[in-house]
Amino acid sequence: MKVALAALLVALVTSSARSDEALDTRLKALENELRCLVCQNQTLAESNAPLAMDLRNQIREQLAAGKSDREVVDYLVARYGDFVRYRPPLKASTALLWAGPFLFLIGGFYFLARLLRRRRVPPPELTSAERARAAKLLE
């Protein structure tokens with residue numbers, strides 16, 4: 001009887017440890033996929049902000065409750081918008097996020113080209129006295 005009870009406890013602890021490892025793996029994957037709303041340029045995994053810790057706890061609770069990764073992400077997107085994703089999906093409301101850097105780059109090249117064209121200095125016009133002096137110096 002004692003042996004059977006001990007074996008049952010070992011089996012429960014082992015299966016619990018495996019499920020915790022699986023939960024931690026899923027949690028880490030989601031933390032690297034979601035953005036810290038305070039730091040904005042860090043994932044939840046990189047951030048130490050209190051809000052990031054709260055979001056990690058919410059994600060852990062939802063995963064432990066049996067929700068899928070997709071359901072957790074959908075919940076956070078519904079609550080905080082597509083900005084919570086570190087790589088937001090390409091759609092009409094996020095098109096500027098994806099195209100913005102390229103538009104700024106093209107605009108920067110355009111203004112640089114215009115500036116360089118304006119800065120071209122025409123060759124100086126020499127008077128006849130200056131030409132004669134230059135010719136005399138070159139002899």
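This report concerns the structure included in the present document. The structure displayed is predicted, hence computed values, not measured ones.

## Here we look at the nonpolar core
Phase 1 of the analysis: Residues Leu44, Ile59, Leu63 and Leu76 are the most contacted members of the largest nonpolar core, which totals 17 residues.
Phase 2 of the analysis: Elements supplying a minimum of two residues to this core: helix H1 (2–33), helix H2 (50–64) and helix H3 (69–80).
Phase 3 of the analysis: Not counting the four nearest positions on each side in its chain, Leu44 is found in contact with Glu31, Leu34, Arg35, Cys36, Ala52, Leu55, Arg56 and Ile59.

## With respect to helix H4 (residues 95–118)
Phase 1 of the analysis: In a regular helix each residue adds 1.5 Å, so 24 residues correspond to 34 Å; H4 covers 34 Å between its end C-alpha atoms and thus fits that length.
Phase 2 of the analysis: Maximum bend of H4: about 30 degrees, positioned at Pro101.

## So, the pattern of salt bridges
Phase 1 of the analysis: Overall, the coordinates contain five salt bridges when judged by the stated rule.
Phase 2 of the analysis: Between Lys91 and Asp82 there is a salt bridge; the shortest N-O distance is 2.8 Å.
Phase 3 of the analysis: Taking relative accessible area as the criterion, Lys91 reaches 39% and is therefore assigned partly exposed.
Phase 4 of the analysis: Using a relative accessible area of 14% as the deciding quantity, one classes Asp82 as buried.

## Quick notes on the packing of aromatic side chains
Phase 1 of the analysis: If you walk through the whole model with that rule in mind, you get one aromatic pair.
Phase 2 of the analysis: Geometrically, the ring pair formed by Tyr110 and Phe111 is edge-to-face, given 5.4 Å between the ring centres and 70 degrees between the ring planes.
Phase 3 of the analysis: It is Arg35 that lies over the ring of Phe83; its NZ or CZ is 4.6 Å from the centre.
Phase 4 of the analysis: Here Lys67 stacks its cationic end above the ring of Tyr75, 5.9 Å away from the centre of that ring.

## Let's talk about the environment of Gln62
Phase 1 of the analysis: Residue placement: Gln62 occurs in helix H2.
Phase 2 of the analysis: The sequence separation of Gln62 and Tyr75 amounts to 13 residues, and the corresponding C-alpha distance is 9.7 Å.
Phase 3 of the analysis: Discounting chain neighbours no more than four positions away, the residues touching Gln62 are Lys67, Val72 and Tyr75.

## Structural notes on the environment of Leu63
Phase 1 of the analysis: Within the element layout of this structure, Leu63 appears in helix H2.
Phase 2 of the analysis: Under the relative-accessibility criterion, Leu63 is labelled buried at 4%.
Phase 3 of the analysis: Through-space distance from the C-alpha of Leu63 to that of Leu27 is 7.7 Å; in sequence the pair is 36 residues apart.
Phase 4 of the analysis: Beyond its immediate chain neighbours, meaning those up to four positions away, Leu63 contacts Leu23, Arg26, Leu27, Leu30, Asp69 and Val72.

## Re the packing of H2 against H3
Phase 1 of the analysis: Contact geometry for H2 and H3: axes closest at 10 Å, N-to-C directions at 140 degrees. What the angle tells us is that H2 and H3 run oblique. Remark: the crossing between H2 and H3 carries right-handed chirality. Each of Leu55, Gln58, Ile59, Gln62 and Leu63 in H2 lies in contact with H3, whose residues at this interface are Asp69, Val72, Tyr75, Leu76, Arg79 and Tyr80.
Phase 2 of the analysis: Of the residues assigned to the contact of H2 with H3, the class counts are seven nonpolar, two polar and two charged.

The rules we used
Residues numbered from 1 in each chain as written. Predicted model: local features only at pLDDT ≥ 70, side-chain atom pairs only at ≥ 80, totals over all residues. Heavy atoms only, no water. Core = buried A, V, L, I, M, F, W, Y, C linked by side-chain atoms within 4.5 Å. Buried < 20%, exposed > 50% of the residue type's maximum accessible area, 1.4 Å probe, protein only. Helix = DSSP H or I, 4+ residues; strand = E, 2+ residues; numbered from the N terminus. Contact = heavy atoms within 4.5 Å. Expected span 1.5 Å × (residues − 1). Bend = angle between axes of the 7 residues up to and from the residue. Salt bridge = Lys/Arg side-chain N within 4 Å of Asp/Glu carboxyl O. Phe/Tyr/Trp six-rings, centres within 6.5 Å; stacked < 30°, edge-to-face > 60°. Lys NZ or Arg CZ within 6 Å of the ring centre and 35° of its normal. Axes fitted to C-alpha atoms, helices over the stretch in contact; angles between N-to-C directions. Parallel < 35°, antiparallel > 145°, perpendicular 65-115°, else oblique. Left-handed = near helix turned anticlockwise from the far one by under 90°. Nonpolar A, V, L, I, M, F, W, Y, C, P; charged D, E, K, R; others polar.

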